[in-house]
Amino acid sequence: MNWNDLLRMSISNLRRRKLRTFLTVLGVLIGTASIVVMISLGLGMQQSLYREVEQSGGLTTIRVTGAGAGEYMYYSDDQEESTKYIDDKLIERLAEMEHVTLASPVYEMSVLLLKGQYEGWAELVAMTPEALQSLNIPLAEGTLPEENSGQLELLYGNWILTNFYEKNSYEGYYETGELPDIDLMKDSLFLITDQDAYYNSQNQSFGDEGMDGSSGQPQKGAAKHVVKASGLVEGGPEDYNAYSYYVYCDLSTLKQLLKKEYSGRAIPGQPTTQSGKSYKELYYSYAQVKVDDIDNVNAVASAIREMGYGTETNAEYLESMKSQFAIVQAVLGGIGAVSLLVAAIGIANTMMMSIYERTKEIGVMKVLGCSLKNIRQMFLMEAAFIGLLGGIAGNILSFGMSAVINFVTGHGEMMGFDGNISYIPLWLVLLSLGFAMMVGILAGYFPAKRAMKLSPLAAIRNE
């Protein structure tokens, strides 16, 4: 018998028992869909991670931090600092390092934004023009902040308006579902950097004690700086990206503003001596270093660590996260594989029942000279067809389930992901089809072997 004869007989045998074939295929369908959807959830999270890494500078970016960065450190006037801080001298050293294409300081601070009856919190990120351009921030309108413009210009993230609330009711977007009546591109806002002074003055206006516990002592009010928008990040209040939470500005302009406001006193978040005196220069939150090639990232990061500074690379972060995602995908895939195991038992049961029903047919085939190899191939082909049909139907169902999952989760927004939470690549489709067929063949192997061992005469006499 040639392959065409085997194929025709296999299809004919499956069509003769439509209900049984359908139920067996249904088991494979459910098992395949379970595996594909489960793995697609892990792949969706992994794709979201890749996008965030790309948005935060790609795999050639190194974040340089000082030991104990972000902490309030105090020293006596003559005490040598034991903490490495990010300053302009370090930036110059980093820029001169081999394979470094860009070294930029970054300064972050928490600020308040005021407009009429509204006030809101924001994380202000000050960077050089070169560093801002390297981020490739998607803009809905406007431009990046100008350098040394004289007035602080802000690039607002698309989620900033959700942080505003009414001063009287303390209700905002997450309580009312409505954004405040503020046009960030057109309206000028007040920016406050000294939040302690602002809230102390607010408490005193109601006759309460200040935040420092004093009462009856007039506190100096916080300086209010008029700011305007340079641009808006692309997206609405439900569209998440790596820039949604932040407000960006030019570093040199912010430094001038802070030095003028805090003349003779320490800037909030900056280290001071034991006597409370501030240092002459501004220490940055961290430095952003761009390397010319991904192969040189580890060498540059090692050299920076030898200088006594901490480093974080997206490549290291990605590797650690990939190992975690591999575990997640294995667990999810294992859960789905249980369903396919049940389907394999169903295929084996179907093929065994088929042998009992076709005993005489098998005996006739043997008497007519059909080889044992052809009989085995026929049964394995039937089992493979069941696996293939279930795999195709399972993948169709998987795409439907994936679309529903992405729709219900707002394409990842409700889960905090940048993009679809379920992602089904072509290789997963092909792999699942091959796996379903393999399960069918393995499940049909022992029934096929049993069919080969049947005695021709005993099979013919079988009623």
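Above this text is the structure in question.
Now for a look at the structure at hand. Just so it is clear, the structure is predicted and the values come from calculations on it, not from any experiment.

1. Comments concerning the overall build of the protein
Here's step 1: Helix and strand counts for the protein stand at 13 helices and 13 strands.
Here's step 2: Counting all 463 residues of the protein, 47% fall into the buried class.
Here's step 3: Residue pairs at least 24 apart in sequence account for 80% of intrachain contacts in the protein once pairs closer than 6 positions are excluded.
Here's step 4: Of the roughly 23,800 Å² of accessible surface on the protein, a fraction of 57% belongs to carbon and sulfur atoms.

2. Let's talk about the pairing of strand E13 (residues 310-313)
Here's step 1: Of the two faces of E13, only one is covered, namely that formed by Thr311 and Thr313; the face formed by Gly310 and Glu312 stays uncovered.
Here's step 2: Note: strand E1 (residues 61-65) against E13, four bridges, orientation antiparallel. The partner of Ile62 across the bridge, within E13, is Thr313.

3. Here we look at a negative patch on the surface
Here's step 1: Residues Glu98, Asp292, Asp293 and Asp295 make up a contiguous surface patch of negative charge.
Here's step 2: Here Asp292 lies in the loop between strand E12 (286-291) and helix H8 (297-306).

4. Here's the deal with the environment of Trp121
Here's step 1: Structurally, Trp121 is set in strand E4 (residues 118-127).
Here's step 2: Considering only alpha carbons, one finds Trp121 and Leu191, 70 residues apart in sequence, at a separation of 9.9 Å.
Here's step 3: Aside from chain neighbours lying at most four places away, what touches Trp121 is Ser110, Val111, Leu112 and Asn163.
Here's step 4: In terms of polar contacts, Trp121 uses its side chain to reach the side chain of Ser110, at 2.5 Å.

The rules behind each value
Residues numbered from 1 in each chain as written. Predicted model: local features only at pLDDT ≥ 70, side-chain atom pairs only at ≥ 80, totals over all residues. Heavy atoms only, no water. Helix = DSSP H or I, 4+ residues; strand = E, 2+ residues; numbered from the N terminus. Buried < 20%, exposed > 50% of the residue type's maximum accessible area, 1.4 Å probe, protein only. Contact = heavy atoms within 4.5 Å. Areas by Shrake-Rupley, 256 points an atom, 1.4 Å probe, with all protein chains shown as cover. Pairing = 2+ DSSP bridges. Patch = residues over 30% accessible without salt bridge, like charges linked within 9 Å, V, L, I, M, F, W, Y side chains within 5 Å. Salt bridge = Lys/Arg side-chain N within 4 Å of Asp/Glu carboxyl O. Lys, Arg positive; Asp, Glu negative; His and termini not counted. Charge placed at Lys NZ, Arg CZ, Asp CG, Glu CD. Polar contact = N/O pair within 3.5 Å; in protein donor to acceptor, adjacent residues only side chain to side chain.

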